[in-house]
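Take a look at the letters that make up each chain.
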Amino acid sequence: MAISYVQPLLLLLGSLFFLPALRAVNFKYCNKSGYDFGNVTHVNISPNPVGPDVGELNITVIGYAKESIHTGSIEVYAKSENITDLLRKQPCTIESGTKFVLPLSEVPKDILEGDYKYVVSLLDEKVGDSKEAKVRMCVDFDLPTSSSTLSSA
Ligand SMILES: *[C@@H]1O[C@H](CO)[C@@H](O)[C@H](O)[C@H]1NC(C)=O
Ligand SMILES: *[C@@H]1O[C@H](CO)[C@@H](O)[C@H](O)[C@H]1NC(C)=O
Ligand SMILES: *[C@@H]1O[C@H](CO)[C@@H](O)[C@H](O)[C@H]1NC(C)=O
Ligand SMILES: *[C@@H]1O[C@H](CO)[C@@H](O)[C@H](O)[C@H]1NC(C)=O
């Protein structure tokens, strides 16, 4: 009989203990269907949720590459209907057939009006003879703010 209330209690304690460590956010591929370049398995954000007085975020994008990028860059931006704010751009190199972990630390937090997303885009600066960087992979996600977690308290 005791079991019947011990188990829910353990479950509750378990979730209280593990929730703060669970930093993954739901993301989408910017082009909806995914990319030939490879896939993304996790997007982690720290801190999560992002409190109102947080100024900087650490974002980590983890996935598998089927192709290489030798002269690449990662861009992080906040994007709403009318505004795109570039928050970070850093060089990167990825070898095909590897698991990649892209740590983007201390990205400034940016809150835009209306609906907006954070976007992490992986660019190849040299594709053939083209002068334009090509998007090889791109994901977007909502910032996990505390207000969206505790809906209208
Ligand atoms: C997404 O990009 C891949 C190439 O990486 C392409 O094959 C696919 O058609 C694109 N999807 C959309 C919806 O544009
Ligand atoms: C991503 O690609 C790797 C390697 O090809 C594969 O093992 C893994 O299942 C894929 N994951 C997802 C979420 O598509
Ligand atoms: C973000 O990363 C930096 C450098 O790795 C680290 O010092 C800092 O504690 C991290 N902040 C959070 C909120 O995870
Ligand atoms: C974006 O700009 C369009 C055209 O100027 C305007 O109609 C719309 O209200 C703007 N959206 C936001 C969220 O400000």
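Before reading further, recall that the structure is shown in the block above.
In what follows, the accompanying structure is described. (Residues numbered from 1 in each chain as written. Chains lettered and ligands numbered in written order. Predicted model: local features only at pLDDT ≥ 70, side-chain atom pairs only at ≥ 80, totals over all residues. Heavy atoms only, no water.)

Observations regarding the state of the cysteines
Taken as a whole, this structure holds 1 disulfide when the rule is applied. Between the sulfur atoms of C30 and its disulfide mate C138 the distance is 1.9 Å. Its S-S torsion of about -65° marks the bond between C30 and C138 as left-handed, since a negative value means left-handed. One end of the pair, C30, is in the loop between β1 (28-29) and β2 (38-46); the other, C138, is in strand β8 (residues 134-141), and 108 residues separate them in sequence. You can call C138 buried: its relative accessible area is 5%. (Disulfide = S-S within 2.5 Å. Helix = DSSP H or I, 4+ residues; strand = E, 2+ residues; numbered from the N terminus. Buried < 20%, exposed > 50% of the residue type's maximum accessible area, 1.4 Å probe, protein only.)

Here we look at the environment of V43
With respect to the helices and strands, the residue V43 is situated in strand β2. Taking relative accessible area as the criterion, V43 reaches 0% and is therefore assigned buried. Considered as a pair, V43 and F141 are 98 residues apart in the sequence and their alpha carbons are 8.8 Å apart. When sequence neighbours within four positions are dropped, the list of residues in contact with V43 reads R23, A24, V25, F27, I59, T60, V61, V139 and F141. (Contact = heavy atoms within 4.5 Å.)

A few points about the pairing of β8
By the criterion of burial, β8 is predominantly enclosed, with 6 of the 8 residues buried. Pairing of β1 with β8, which is carried by 2 bridges, proceeds in the antiparallel orientation. Considered in β8, the bridge of Y29 is made with V139. Two elements, strand β7 (residues 116-124) and β8, share 7 bridges in a ladder whose sense is antiparallel. Within the sheet, the bridge partner assigned to V119 lies in β8 and is D140. (Pairing = 2+ DSSP bridges.)

So, the sheet that holds strand β5 (residues 84-94)
Overall, antiparallel pairing links the 5 strands, which are arranged β1-β8-β7-β4-β5 in an open sheet. The outermost strands of the open sheet, each flanked by one partner alone, are β1 and β5. In this sheet, β5 lies alongside strand β4 (residues 69-80) in antiparallel orientation, the contact comprising 9 bridges. If you follow K79 over to β5, its bridge partner there is T84.

Some details on the pattern of salt bridges
For the structure on display, the rule yields 5 salt bridges. The partner of R136 in a salt bridge is E67, and the shortest N-O contact between them spans 2.4 Å. Here R136 is found in strand β8, whereas its partner E67 is found in the loop between β3 (56-65) and β4, with 69 residues between them in sequence. Exposure remark for R136: the relative accessible area of 13% places this residue in the buried category. A relative accessible area of 29% means that E67 is categorised as partly exposed. When the shortest N-O distance is used, the salt bridge between K89 and E125 registers 3.8 Å. Here K89 is found in strand β5, whereas its partner E125 is found in the loop between β7 and β8, with 36 residues between them in sequence. (Salt bridge = Lys/Arg side-chain N within 4 Å of Asp/Glu carboxyl O.)

Examining the side chain of D124
Structurally, D124 can be placed in strand β7. Judged by its relative accessible area of 6%, D124 is buried. Here the side chain of D124 touches R136 through a polar contact of 2.5 Å, side chain to side chain. Not counting chain neighbours up to four residues away, the residues in contact with D124 comprise S68, I69, T71, G72, E132, A133, K134 and R136. (Polar contact = N/O pair within 3.5 Å; in protein donor to acceptor, adjacent residues only side chain to side chain.)

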